[in-house]
Amino acid sequence: MTTPRVAVVVFPGTWSDRDFLDVADSLGWAARAVWHTETRLDAIDAVALPGGFAHGDHLRAGAIARFSPVMRAVSDFAAQGGPVIGSCNGFQILSEAGLLPGALLRNDHLEFRCAWQWLRVDAATGPFLGTMRDADLIRLPISHGEGRYYADEATLDDLEASGRVVLRYTDADGRAVAEANPNGSMRSIAGIVNERGNILGLMPHPERAADPETGGTDGLAFFRALDAWLARQPARAERRL
Amino acid sequence: MRWLADVHVALRSGIADPEGQTIAGGLRALGHLTVDEVRAGKLLRIRFEAADAAAAEAAVSDMVRRLLANPVMEEAWWEVRSDVAAPVPERIG
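Caption draft 1: Molecular detail of the overall build of chain A. Along its length, chain A carries five helices and eleven strands. For chain A, whose C-alpha radius of gyration is 16 Å, the value lies close to the compact-globule estimate of 18 Å for 241 residues. The C-alpha extent of chain A, read off along each of the three principal axes, is 45 × 40 × 40 Å. Taking all 241 residues of chain A together, 55% fall into the buried category. Counting only contacts in chain A whose residues sit at least 6 apart along the sequence, the fraction spanning at least 24 positions is 75%.

In structure tokens form, the structure reads like this:
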């Protein structure tokens, strides 16, 4: 097995890049921070778009970041089937860039919510959830003011029918009830993937739940899944850009 | 010619607007009991140069479509007018 090479994209205002890099370091991965003005990702196996407030979240969260030069390389990498994970602000950027459907709106209670949150795995597939099991319950931190997932009914139905709603906000018993929905997301959606399944957007932060000292380690499952997925790929070098 | 565009952006009707709902509650608390809806949004005032009114309109339409509003959840409308009040920059040298 070779060492996973991960590009962690850093925009002005990104703040969770160090968390991703720390987890990658702790796993012995070869992670590299990539400044948003770079136009090449070089030889990498996965891309992480971390949380924060890229470009100050001005206009709309993610609206300006999608024009950063690096996003063309990210889009090309994703188009080749390369795994891309966007957590929190990264999810907002992916949706603004049109790489994932829908949008993230201001939380329904208007508060910035920073808390531990139960989530149910509804589709344990793809590079970031492939080693989990359907109906697994995990606990991750959330930290956002604009996480209310919105899409029109037809898009929501399509996401559900195609098994692309991968994570839902639930209570400790795995019930996706309104009281356990921290931001008013439609159908309690916390994470989705694209049609091909290689792009994951989620509001919670797996990279902040990878060390017992931070309060939990359920986030490590996403990294382990990626490790296992990469190990199964026959021709990693072909995805070099 | 100088032009001034006021672009208004708001959540599309039918999408819950908690900011507007909160403001409506505030107005009712002040005694404006007939207020049954407030929709919150933002105003983007843009000063720019264009050859004529048609070009100015086309420019604003392009700005809205490509950046200022996300059609997934927002709608936008705008007014474009001649920016007669804009200060004329002084030439130096």
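Text resumes after the structure shown.
Caption draft 2: Representation of the overall build of chain B. Along its length, chain B carries two helices and three strands. Helices and strands appear in chain B in the N-to-C order β-α-β-α-β. Relative to the globule expectation of 12 Å for 93 residues, the C-alpha radius of gyration of chain B, 18 Å, shows a markedly less compact shape. Dimensions of chain B, computed from the C-alpha atoms along their principal axes, are close to 60 × 30 × 20 Å. For chain B, buried positions account for 14% of its 93 residues. When contacts within chain B are restricted to residue pairs at least 6 apart in sequence, long-range pairs at least 24 apart make up 70% of them.

Caption draft 3: Here's a closer look at the interface of chain A and chain B. Residue-level contacts link twelve residues of chain A with nine residues of chain B. The class makeup of the residues in the side of chain A that touches chain B is five nonpolar, three polar and four charged.

Caption draft 4: Structural view of the environment of B:Gly25. All names here are of chain B. On the secondary structure map, Gly25 appears in helix H1 (residues 18-29). Take Gly25: there are 12 C-beta atoms within 10 Å of it, and that puts it in the exposed class. For the pair formed by Gly25 and Met63, sequence separation is 38 residues and the distance between their alpha carbons is 34 Å.

Caption draft 5: Quick peek at the sheet that holds strand E2 (residues 41-49) of chain B. All names here are of chain B. Pairing is antiparallel across the open sheet formed by three strands, whose spatial order is E2-E1-E3. The open sheet has two free edges, formed respectively by E2 and strand E3 (74-82), since each of these has just one partner strand. Going across the sheet, the axis of each strand differs from the next one's by a mean of 20°, ignoring polarity. Of the pairings in the sheet, the one linking strand E1 (residues 2-11) to E3 comprises nine bridges and is antiparallel in character. Paired with His8 across the strands is Trp77, a residue of E3.

Caption draft 6: Expanded view of the confidence of the model for chain B. Looking at chain B, pLDDT values average 93 and 91% of them are 70 or higher. Here the prediction assigns the complex a pTM of 0.91, and the interface score ipTM is 0.82.

Caption draft 7: Spatial organisation of the pairing of strand E7 (residues 137-144) of chain A. All names here are of chain A. Judged by how many residues are buried, E7 sits mostly within the fold: six of eight residues are covered. Here eight bridges tie strand E6 (residues 113-121) to E7, and the two strands are oriented antiparallel to one another. The residue of E7 that forms the bridge with Arg120 is Leu137.

Caption draft 8: View of the pairing of strand E11 (residues 199-202) of chain A. Residue and element names in this part refer to chain A. Where burial is concerned, the two faces of E11 agree: the one with Ile199 and Gly201 and the one with Leu200 and Leu202 are both buried. Both strand E4 (residues 84-87) and E11 contribute to a ladder of four bridges, which runs parallel. Of the residues in E11, the one forming a bridge with Ile85 is Leu200. The pairing of strand E10 (residues 189-193) with E11 spans three bridges and is classified as antiparallel. Bridged to Gly191 within E11 is Leu202.

Caption draft 9: Seen up close, the nonpolar core. Membership of the largest hydrophobic core comes to 78 residues, with the highest contact counts inside it found for A:Val6, A:Val8, A:Val9, A:Val47 and A:Ala48. Contacts of A:Val6, omitting those with residues within four sequence positions, involve A:Ala24, A:Trp29, A:Ala31, A:Ile44, A:Asp45, A:Ala46 and A:Ala48. Of all hydrophobic cores here, the second largest spans nine residues; its members include B:Trp3, B:Ala56, B:Leu68 and B:Ala76.

Caption draft 10: Region of the structure containing the sheet that holds strand E2 (residues 30-35) of chain A. Residue and element names in this part refer to chain A. Across the sheet, nine strands lie side by side as E2-E1-E3-E4-E11-E10-E9-E6-E7; this open sheet has mixed pairing. Among the strands making up the open sheet, the edge pair consists of E2 and E7. On average, each strand axis in the sheet is tilted by 25° relative to the strand beside it, whichever way the strands run. Two elements, E6 and strand E9 (residues 165-170), share four bridges in a ladder whose sense is antiparallel. Bridge pairing links Leu119 to Tyr169 in E9. Helix H1 (residues 17-26) contacts strand E1 (5-10), E2 and strand E3 (46-49) of the sheet and is inclined by roughly 160° relative to E2. Of the strands in this sheet, E1, E2, E3, E4 and E11 are in contact with helix H2 (residues 70-79), which crosses E4 at around 125°.

Analysis parameters
- Residues numbered from 1 in each chain as written.
- Chains lettered and ligands numbered in written order.
- Predicted model: local features only at pLDDT ≥ 70, side-chain atom pairs only at ≥ 80, totals over all residues.
- Helix = DSSP H or I, 4+ residues; strand = E, 2+ residues; numbered from the N terminus.
- Rg over C-alpha atoms; globule rule 2.2 N^0.38 Å.
- Buried ≥ 20, exposed ≤ 12 C-beta atoms within 10 Å, placed from the backbone.
- Contact = placed C-beta atoms within 7 Å.
- Nonpolar A, V, L, I, M, F, W, Y, C, P; charged D, E, K, R; others polar.
- Pairing = 2+ DSSP bridges.
- Axes fitted to C-alpha atoms, helices over the stretch in contact; angles between N-to-C directions.
- pLDDT = per-residue confidence, 0-100.
- Core = buried A, V, L, I, M, F, W, Y, C linked by C-beta atoms within 7 Å.

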